[in-house]
Structures are given as structure tokens and as C-alpha cells.
Amino acid sequence: PDAGLGGRVMFSLFKADIALYGFYGRDSAPVYKISRLGAHPLTGLYVIPKAFQGVHPRMGFVGMDIERSAGPFVLRAEAAYQNEGAFYGVDFEHRPLLLLKYPEGVVQKDQIQYVLGLDRNDLFVHNLFLNLQYFGRYIVDYTNEIAVPETTTGMTAYLRYSLMDS
């Protein structure tokens with residue numbers, strides 16, 4: 001079997017809960033790579049994807065999260081650095097000659113992912129819970145050959161009211 005190895009260390013410091021963690025092993029989500037290219041009918045260059053294959057590459061990352069209460073709020077932050085196993089598709093749909101350089105249609109890059117969050121119980125009334133999160137990803141050593149942006153960010157909001165809870 002091809003097992004992975006991971007670990008997590010948790011401790012408290014200055015009234016904050018902190019965790020450090022890492023993992024090295026196979027990614028459970030497949031990466032789809034081009035497994036066969038066909039020749040372009042006009043140029044004869046092998047730039048037409050004919051078949052794809054899902055593979056489970058090795059991945060490695062280290063990270064840290066921190067959580068601290070600040071009055072009625074809980075503040076959270078998490079960041080992880082992935083140095084192996086983050087694959088991105090190259091923009092061969094618009095630039096087919098990239099498949100001459102990247103015949104599998106993907107390139108591996110390091111990435112940083114992060115989340116900043118805030119929780120609040122009993123927001124305006126009893127049993128009203130609010131969670132806000134700002135998250136993002138940054139691709140290290142980005143090139144314009146990659147089909148996604150160098151930085152991606154987003155935000156989520158979750159509001160829940162528990163009617164029958166005491």
C-alpha cells in the first residue's frame with residue numbers, strides 16, 4: 001500500500017489555540033493529465049488532446065492555524081504552503097502550442113492557501129450564529145501560461161438561527 005504520513009501539534013499561547021500540521025502522501029482527488037496527443041490536420045503538430053488520464057499525485061504541505069476569542073467574537077486564521085502536488089492546467093485551449101512544452105497539459109507549482117474567519121454566537125438575538133470567512137490562494141512562480149489567475153480570493157457568510165435550542 002502507498003500510505004501517507006501526516007501530523008499535527010496543538011498548543012495554546014497568549015490565550016490563542018495554535019496548531020501546526022503537515023502531510024505527505026497521495027492526493028485523494030485526481031489530476032487529469034493528457035495521456036495522448038493527436039496531430040493537427042493542417043500543421044502536423046501534436047497539439048490536439050485525444051485522451052486524458054486521472055492520476056493521484058504525491059502531495060506535501062505544511063500549515064498553521066490559530067484561533068482566539070476576542071470578547072463575543074472568535075477570530076480564526078489558517079495558512080498552508082503546498083510544495084508538491086498542486087497542478088494547474090496550461091491555457092492550451094487558447095494557445096495550443098503550449099502542449100509542445102507541456103504535453104500533459106498541466107504544470108506543477110507551489111501554492112499558498114489561507115483563510116481568515118470570524119464567528120459570533122447570539123449575534124443580535126439568542127441562538128443567532130454568524131460565520132464570515134475570507135479565503136484565497138496564491139500560485140508561487142506563476143506564469144501566464146497557466147489557465148487560472150495567479151491569485152484567487154473569495155468570501156463566505158453563514159447565518160443560522162436555532163429556533164428550538166435552549
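Whatever comes next refers back to the structure up there.
In this text the structure is predicted, and so the values were computed from the model without any measurement.

With 8 residues, the main nonpolar core is built from Ala86, Tyr88, Val90, Leu98, Tyr102, Val107, Ile139 and Ile146. Other than its neighbours up to four places away in sequence, Val90 contacts Leu98, Tyr102, Gly105, Val106, Val107, Glu145, Ile146 and Ala147.

Let us look at a nonpolar patch on the surface. The grouping of Val9, Phe11, Leu13, Phe14, Leu20, Met64 and Ile66 at the surface amounts to a nonpolar patch, some 650 Å² of accessible area in total. At the level of elements, strand S1 (5-13) and strand S5 (58-70) are the ones that each hand at least two residues to the nonpolar patch. Top contributing element to the nonpolar patch by residue count: S1, with 3 residues. Note on placement: Phe11 falls in strand S1.

Bringing the pairing of strand S6 (residues 73-84) into the picture now. Looking at chain direction, S5 and S6 are connected through 11 bridges and run antiparallel. Residue pairing in the sheet places Asp65 in a bridge with Glu78 of S6. Hairpin connection from S5 to S6: 2 residues lie between these consecutive antiparallel strands, with Gly71 at a positive phi of about 65 degrees. Both S6 and strand S9 (residues 111-120) contribute to a ladder of 10 bridges, which runs antiparallel. By the bridge assignment for S9, Glu78 is matched with Val115.

Scanning the model with the defined rule gives 5 salt bridges in all. Across the pair Arg76 and Asp119 runs a salt bridge, and its minimum N-O distance is 2.2 Å. Linking Arg76 in strand S6 with Asp119 in strand S9, this pair joins segments that are 43 residues apart in sequence. The salt bridge partner of Glu145 is Lys101, with a shortest N-O separation of 3.1 Å. Linking Glu145 in the loop between strand S10 (128-139) and strand S11 (151-161) with Lys101 in helix H1 (residues 98-101), this pair joins segments that are 44 residues apart in sequence. Glu145 sits in the buried class, given a relative accessible area of 12%. Relative accessible area serves as the criterion here: at 53%, Lys101 is assigned to the exposed category. Overlapping salt bridges bring together Glu67, Arg76 and Asp119 as one network.

Turning next to the environment of Gly117. Structurally, Gly117 can be placed in strand S9. The spacing of Gly117 and Glu67 is 50 residues in sequence and 9.2 Å in space, taken between C-alpha atoms.

Positionally, Lys109 belongs in the loop between strand S8 (106-108) and S9. Asp141 provides the closest opposite charge to the buried, unpaired Lys109, separated from it by 5.5 Å. One polar contact links the side chain of Lys109 to the main-chain carbonyl oxygen of Asp141, over a distance of 2.7 Å. Discounting chain neighbours no more than four positions away, the residues touching Lys109 are Ala86, Tyr88, Ile139, Val140, Asp141, Thr143 and Ile146.

With that settled, the discussion passes to the layout of surface pockets. Roughly 200 Å³ of volume is contained in the largest pocket. As for the largest pocket, its lining consists of 14 residues, and the residues nearest its centre are Asp65, Ile66, Glu67, Arg76 and Ala77. Of all the secondary-structure elements, those providing two or more residues to the lining of the largest pocket are S1, strand S2 (16-26), S5 and S6. Here the lining of the largest pocket is composed, by residue class, of 7 nonpolar, 1 polar and 6 charged.

About the criteria used
Residues numbered from 1 in each chain as written. Predicted model: local features only at pLDDT ≥ 70, side-chain atom pairs only at ≥ 80, totals over all residues. Heavy atoms only, no water. Core = buried A, V, L, I, M, F, W, Y, C linked by side-chain atoms within 4.5 Å. Buried < 20%, exposed > 50% of the residue type's maximum accessible area, 1.4 Å probe, protein only. Contact = heavy atoms within 4.5 Å. Patch = residues over 30% accessible without salt bridge, like charges linked within 9 Å, V, L, I, M, F, W, Y side chains within 5 Å. Areas by Shrake-Rupley, 256 points an atom, 1.4 Å probe, with all protein chains shown as cover. Salt bridge = Lys/Arg side-chain N within 4 Å of Asp/Glu carboxyl O. Helix = DSSP H or I, 4+ residues; strand = E, 2+ residues; numbered from the N terminus. Pairing = 2+ DSSP bridges. Lys, Arg positive; Asp, Glu negative; His and termini not counted. Polar contact = N/O pair within 3.5 Å; in protein donor to acceptor, adjacent residues only side chain to side chain. 1 Å grid on protein atoms, 1.4 Å probe; cavity = no way out; pocket = protein on both sides within 12 Å on 5 of 7 lines; lining within 4 Å. Points joined across faces, edges and corners; volume = space filled by probe spheres on them. Nonpolar A, V, L, I, M, F, W, Y, C, P; charged D, E, K, R; others polar.

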